[in-house]
Structure formats: structure tokens, C-alpha cells
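Results of the structural survey
The primary structure of each chain is shown beneath.
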Amino acid sequence: MKSFSSRIGVLLAAAGSAVGLGSIWKFPYTVGENGGGAFIILYIICSIIFGLPLVMNEFMIGKLSGKSAYGAYRALSGNNRWQWLSWTNMLSSLFLLSFYFVVTGWCIYYMVEAALNTFDGMEAPQLTAFFNTFEGNAPVMLVYAIISIVLTASVLWFDVNKGIERLSKILMPILFIMLIVMAVHMVFMDGGTTGLRFLFEPDFSKITPKVILEAMGLSFFTLSLGIGALITYGGYMPEDQNVAKTSVQMMVLVIIVSLLAGMIVLPAVFAYGFSPTEGPELTFVTLPEVFQHMFSPSLTSTAFFALMCVAAITSTISVMEVMVAFVCEATADTKRPLNRHQSVIVVTLILVVANTLCILSMTGHADWLTIMGQNMFDNANDLVTNFLIPLGALAVAVFTGWFVPKARYQGSRMASCIYLILLRWVIPSPSSLYSSIP
Ligand code: PHE
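Residues numbered from 1 in each chain as written. Predicted model: local features only at pLDDT ≥ 70, side-chain atom pairs only at ≥ 80, totals over all residues. Heavy atoms only, no water.

**Observations regarding the overall build of the protein chain**
Regarding its fold elements, the protein chain presents 18 helices and zero strands. Against the globule reference of 22 Å for 438 residues, the protein chain gives a C-alpha radius of gyration of 21 Å, in line with a compact fold. Along the first, second and third principal axes, the C-alpha set of the protein chain runs to 60 × 50 × 45 Å. In the protein chain, buried positions account for 59% of the 438 residues. Within the protein chain, contacts between residues separated by at least 24 positions form 82% of all contacts whose residues are at least 6 apart in sequence. Entry remark: accessible area of the protein chain is about 17,100 Å², with carbon and sulfur atoms responsible for 67%. (Helix = DSSP H or I, 4+ residues; strand = E, 2+ residues; numbered from the N terminus. Rg over C-alpha atoms; globule rule 2.2 N^0.38 Å. Buried < 20%, exposed > 50% of the residue type's maximum accessible area, 1.4 Å probe, protein only. Contact = heavy atoms within 4.5 Å. Areas by Shrake-Rupley, 256 points an atom, 1.4 Å probe, with all protein chains shown as cover.)

Structure representation (C-alpha cells):
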């Protein structure tokens, strides 16, 4: 069946897509780099003013058209002029997954190593060396990236209500419980309050235009906007699903999870005298070191990396679903239509190639992939977060605001009016500014 079977299933699948490495990996270090509380306030404001209408918008496009990112724009506008946007969504998904699966692989690897007590007694220099050795080891990284691709593909192999929906219903509650237990554990340890103060006491002098745009980019990333993921899930919504309610619930969940992730990572970092501005390595170098000082280091670190794996996989599922649904729909009217299973195989192979290239480029085995002095991993990460997601979200706002016949808007006059003003005028202005930032 090509549809979710329950309202709670849709919400949990959408929350699963949104809550991922963005909330648990990117959020804490971006907050750390941008001064704490004030950044969080900006992040929440951006999510409410810009993120929420865009989430509703993407769900609506999917639900009204009943199609995935491939067919939705054509179905709603009645012409082919927006077809480039579906291809952009497909390309953005491919770029996103070419670095996202690599990091998901790191999480699985770290979970396994933590369970094997590998980090026992290691201090910062050894952990840095451990991470650098791993980051230079192409075969091991590739094996773990492929494990995460195959795990995701095996969920997509089933129909959406049996695979994605069922798994989200099991994993998301587990994820929430784990997050809450860990956050309480971290906040109540000695010295944890410094981190809390950093998180919740705003210092507005840190806010610059660049920080505002960064908060918006992170908000779009964590809300899964701009690449067609929510359009695709919207296409699977049951008739009686209330889009506005689901969008608000999803946004609130994402904000809560991001704050919980901040409460797990930052108090621990402060309590042991580390700097919160360590960047992406915060999670893979600083945290394992922090865990060494805690009650049952191996259990705590295994639990933390397990949590990251769950969050990451429920997100990769939604992005890979964009690609699988795209391939199914795009080939449907051709001489060789591909069914779901064949599409999963094709997309899996494409992703294995993309991740192999990304890893070879990271480990210095493919210098021809270095562009503007950066390897493919960094370029894909920057391109997706700073350019493709904001631009994709902007384009979808312009599409609905200006090119979908007004008769299609549902709900009260007042609500549709506010919605239209946001989509036409408010959202396009800063999003376009955002993507022009170097
Ligand atoms: N929201 C996911 C995260 O925070 C990433 C994502 C972006 C997923 C865009 C789907 C679409 O990790």
C-alpha cells in the first residue's frame, strides 16, 4: 500500500525524518560556535516564522497532489515549467546522502567500538588520534557507510506502511526516552549547570547577520525542508490528516529534541573543561572523552551512539524514499517502468557509488574530486546546508505563493491569507539572502 495507515504513524515518520544528525550532531556544536542562548532563540524564531509555513507547504503539496517530488509540481501547477525543481530535489537528496551516510557509518562504528570498551581509559590526544586514523581509513569507513545504506534500503524494501511507518512507531518512542534519560543524567552531574546557563542565558551581543542566517539554515535542515522529503511523505498522508496540526507537532518535537541534545552535550563539555566550539569533532572526540569521566563510560557512550544511529537512520530513510519514489514515478510512463524493489536496488547502487567517491575524496585517494580546496564531503555538506536546502525551500515557497491556483488553498480565509503573505513575501526575502552567503 502506498500510504501511511494512521495519523500517529505520519507524525512519527515525519518527526523521524526531522530529528537526525542535524539536531544531535550539528545543533550542539553550532550553538557552541555561535554563543549559546541567543542563537537558540533565533533558531526557534526562524523555525516558527519561516520553517513552520514551509513545512505545512511541503506537506500540502504532497497531500493535494498525491504524488512524490517528481510528479507533485506538475500536478499542482498544471504544466511542466517546474519540473527542474523535482530534479533539483533529487540531486539535493543525492548530495545530502553522500555525506550523511558517511556520518551515519561513523555513528555505527563508534557504537560498536564503545560497546567493545575500546575507548576505556583514552584521553583527548588518543581519541583525536583514533578519530583521525579512522577518518583516514577508506575501507573501514566504506564498510560502515554501506552497512547504513543497506539498513536503510531494507526498510524501504517494504511498502511505506509496513516499513517506514512500523519502524518509526517502534524507534521514535525509544529515541525520546533515551534522550530524556541521558539529558537528565547529564544535567544533574557535577558542574552541569554551567552548560545549562550557556544554553539558556542569551548573550545578544553575539548576534550578527551571519549568525541569523546560520540559525535559519540549521532550522531548515533540522525541519527536513527544501529537498522534497516532506512532499513525498505528504503524498502518503491519509485523507483525514490535519496538515497544520501535524506540522506544528513535528516542529515542536524537533525543537524539544534539539534542546535535549544541547542539554546532553553542552553540560558535559563544560563540566570537564572542554570548549563547546570544537566543531563537528565535538561529538566524536570530545564526547567520548567526557564519557570516560562518567558513571559506566562504556554503557553511556554505547547508549549515546545508539541514539545517534536511530536518529540518523530514520532521517536517511526519508531522504532515500525521495529518490526511490522519484525513480518509480519517473519511469512509470516509460517503456521500462521500475517497481519499488527495482527502484530500491537502483538507488542503493547509486548511493554506494556516491559514498565511495566521497570517502575516497576524504582520504586523499581521489584528488580530482577536490574542488575549491575542499574534499567532496565538505563540499557536499556546505552545498546542501548553505545552498540547496535554503534555495529549494525558497523555490517551493515561490511555487505555491505565485504559481499554484489560489482555489487550491484550504482552511479559513484568514489563515490562507496569512499563509499566502508568508509564502509570497516574507519567506523568499531572507532565504534568498541566505543562499548568497559564502
Ligand atoms: N532533518 C534531518 C536532520 O536533522 C536532515 C534532513 C534534511 C532530512 C532534509 C530530510 C531532508 O538530520
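**Re the site of the ligand**
Taken together, 15 residues lie near the ligand, and Ala18, Leu21, Gly22, Tyr100 and Phe221 sit nearest. Interatomic distance of 3.0 Å between a backbone N/O atom of alanine 18 and an oxygen atom of the ligand. Within the backbone of threonine 222, a nitrogen or oxygen atom sits 3.3 Å from a nitrogen atom of the ligand. In isolation the ligand offers 330 Å² of accessible surface; the protein chains occlude 100% of this area. Among the secondary structure elements, those contributing two or more residues to the shell around the ligand are α1 (7–18), α2 (21–33), α5 (83–115), α10 (209–222) and α14 (297–331). Split by residue class, the shell around the ligand holds seven nonpolar, eight polar and no charged. (Near = heavy atom within 4 Å. Polar contact = N/O pair within 3.5 Å; in protein donor to acceptor, adjacent residues only side chain to side chain. Nonpolar A, V, L, I, M, F, W, Y, C, P; charged D, E, K, R; others polar.)

**A few points about α14**
Since there are 3.6 residues in each turn of an α-helix, residues three or four apart along the chain are aligned in direction. Between its terminal C-alpha atoms α14 stretches 50 Å, which fits the 51 Å expected from 35 residues at 1.5 Å a residue. Within α14, 31 of the 35 residues are buried, which leaves it mostly tucked inside the rest of the structure. (Expected span 1.5 Å × (residues − 1).)

**Here we look at the pattern of salt bridges**
Tallied over the entire structure, the rule returns five salt bridges. The salt bridge involving glutamate 214 is made with lysine 210; its shortest N-O contact spans 3.5 Å. Here glutamate 214 pairs with lysine 210, and both are found in helix α10, just four residues apart, close to one helical turn. Owing to a relative accessible area of 24%, glutamate 214 belongs among the partly exposed residues under this scheme. The partly exposed category is assigned to lysine 210, whose relative accessible area is 47%. (Salt bridge = Lys/Arg side-chain N within 4 Å of Asp/Glu carboxyl O.)

**A short note on a nonpolar patch on the surface**
On the surface, Ile41, Ile45, Ile48, Ile49 and Phe204 cluster together into a nonpolar patch covering about 430 Å² of accessible area. With respect to the secondary-structure elements, phenylalanine 204 resides in the loop between α9 (192–200) and α10. For phenylalanine 204, a relative accessible area of 49% corresponds to the partly exposed category. (Patch = residues over 30% accessible without salt bridge, like charges linked within 9 Å, V, L, I, M, F, W, Y side chains within 5 Å.)

**Overview of the nonpolar core**
Membership of the largest hydrophobic core comes to 141 residues, with the highest contact counts inside it found for Leu96, Trp106, Phe284 and Phe304. Leave out the neighbours within four places in its chain, and leucine 96 touches Phe221, Ile227, Val319, Val384 and Ile389. Counting 11 residues, the second-largest nonpolar core is a separate cluster that includes Ala72, Ile231, Val396 and Phe399. (Core = buried A, V, L, I, M, F, W, Y, C linked by side-chain atoms within 4.5 Å.)

**Describing the packing of aromatic side chains**
Aromatic ring pairs are described here by two measures, namely the spacing of the ring centres and the angle between the planes. Inspection of every chain in the model, using the stated rule, returns 29 aromatic pairs. Judged by centre distance (5.4 Å) and plane angle (90°), the rings of phenylalanine 4 and tyrosine 233 are edge-to-face. Of the two residues, phenylalanine 4 is situated in the segment before α1 and tyrosine 233 in helix α11 (residues 229–235); the sequence distance between them amounts to 229 residues. You can call phenylalanine 4 buried: its relative accessible area is 2%. (Phe/Tyr/Trp six-rings, centres within 6.5 Å; stacked < 30°, edge-to-face > 60°.)

**Points about the packing of α2 against helix α3 (residues 37–65)**
Axes are the key here: two packed helices are described by the angle between their axes and the distance separating the axes. Remark: α2 packs on α3, axes separated minimally by 8 Å, with the N-to-C direction vectors making an angle of 130°. Here α3 runs oblique to α2, going by the angle between their axes. Of the two elements, α2 crosses α3, and the hand of that crossing is right-handed. The residues of α3 that touch α2, namely those facing Phe27, Thr30 and Val31, are Phe39, Ile40 and Tyr43. Partitioning the contact of α2 with α3 into residue classes produces five nonpolar, one polar and no charged. (Axes fitted to C-alpha atoms, helices over the stretch in contact; angles between N-to-C directions. Parallel < 35°, antiparallel > 145°, perpendicular 65-115°, else oblique. Left-handed = near helix turned anticlockwise from the far one by under 90°.)

**A look at the side chain of serine 318**
Within the element layout of this structure, serine 318 appears in helix α14. Assessed through its relative accessible area of 1%, serine 318 is described here as buried. Setting aside residues no more than four positions away along its own chain, serine 318 makes contact with Ser17, Ala229 and Tyr233.

**What about the environment of serine 92?**
Within the secondary structure, serine 92 is located in helix α5. Once the C-alpha coordinates of serine 92 and valine 319 are considered, the two residues, 227 residues apart in sequence, prove to be 9.4 Å apart. Once residues within four sequence positions are removed from consideration, serine 92 is found in contact with Ile227, Val384 and Leu388.

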